[in-house]
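Listed below are the residues making up each chain.
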Amino acid sequence: QVQLVESGGGLVQAGGSLRLSCVSSGRTVRPYAMGWFRQTPGKEREFVAAITWINGGTVYTDSVKGRFTISKDSAKNTVYLQMNSLKPEDTAVYYCAESRSVHWNLQVAAYDYWGQGTQVTVSS
C-alpha cells in the first residue's frame, strides 16, 4: 500500500520561497511520474508540475514556469517542489501524486496515489 506524505507548507510573504517535500512509502515498483497539484476552495484541483522517475524529465504549468522547480531523490523515495517568487495566487493546498501508468498525463485521473495535502499561504 503506497502512502504519500507532503510537508513544507506554510505562510510566506509575496516574493518568498518554500520547499515542499513528498515522501513515498510502501512502494515496490517505480512510478512513471510524480506530480504536484494544487487546489483552492471552489476550484478544480489543478496540475502544477511533474517529473518522470526514470529520466527526470519535467513539465510545468505555465503559471509557475520559471519560478517552481520539481526534483527528486530516488534513493529516498522523495519528490520536492522548490517554489520561488511566490505570489498570492499560489495560495492553495498542494498535493503530491504518483502515476503508475505508462499513459500518464497532466490530469488528476492519471494519478493513482495521493498525499493528504499541505497548505501554502502567500500574503500580499
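A short tour of the structure in this document, coming up. What you see is a predicted model; the values in this text were computed from it and never measured.

1. Quick word on the packing of aromatic side chains
And step 1. Taken as a whole, this structure holds four aromatic pairs when the rule is applied.
And step 2. Across the ring face of W114, the terminal group of R45 is positioned such that the distance to the ring centre comes to 4.9 Å.
And step 3. Positioned over the ring face of W53 is K72, at 5.2 Å from the centre of the ring.

2. Side note on the side chain of S99
And step 1. Positionally, S99 belongs in strand β9 (residues 92–99).
And step 2. Polar contacts involving the side chain of S99 include one to the main-chain amide nitrogen of S101, which spans 3.4 Å.
And step 3. Only 2.8 Å separates the side chain of S99 from the backbone oxygen of A110, close enough to count as a polar contact.
And step 4. Sequence-distant contacts of S99, that is, excluding residues within four places in its chain, are made with P31, Y32, A33, W104, A110, Y111 and D112.

3. Thoughts on unusual backbone geometry
And step 1. Within the chain, N77 stands out as a residue other than glycine whose phi angle is a positive 50 degrees.
And step 2. Mapped onto the elements of the fold, N77 is located in the loop between β7 (68–73) and β8 (78–83).
And step 3. Look at N77 and you get partly exposed, because its relative accessible area is 29%.
And step 4. Positive phi values are uncommon outside glycine, yet S85 reaches one of about 50 degrees.
And step 5. With respect to the helices and strands, S85 occurs in the loop between β8 and β9.

Rules behind the numbers
One numbering rule holds for all chains: residues counted from 1, following each sequence as written. In keeping with the predicted nature of the model, local features appear solely for residues at pLDDT of at least 70, side-chain atom pairs appear and are counted solely at 80 or more, and the whole-chain, interface and lining totals rest on all residues. Side-chain numbers come from the whole structure's heavy atoms, not from hydrogens or water. Each aromatic pair joins two rings of Phe, Tyr and Trp (for Trp, the six-membered one) with centres within 6.5 Å, and gets the label stacked for planes under 30 degrees apart, edge-to-face for over 60, and tilted for any other angle. Two thresholds decide whether a charge sits over a ring: the Lys NZ or Arg CZ must be within 6 Å of the ring centre and within 35 degrees of the ring normal. To qualify as a helix, a DSSP run of H or I must reach at least 4 residues; to qualify as a strand, a run of E must reach at least 2; elements of each kind are numbered from the N terminus. Polar contact criterion, stated in full: a pair of N or O atoms within 3.5 Å, where within protein one must be able to donate a hydrogen and the other to accept it, and residues adjacent in sequence count only if both atoms are side-chain atoms. Here a residue-residue contact requires only that any non-hydrogen atoms of the pair lie within 4.5 Å. Think of it in three bands: with a 1.4 Å probe and only protein chains considered, a residue is buried below 20% of the maximum accessible area for its type, exposed above 50%, and partly exposed in between.

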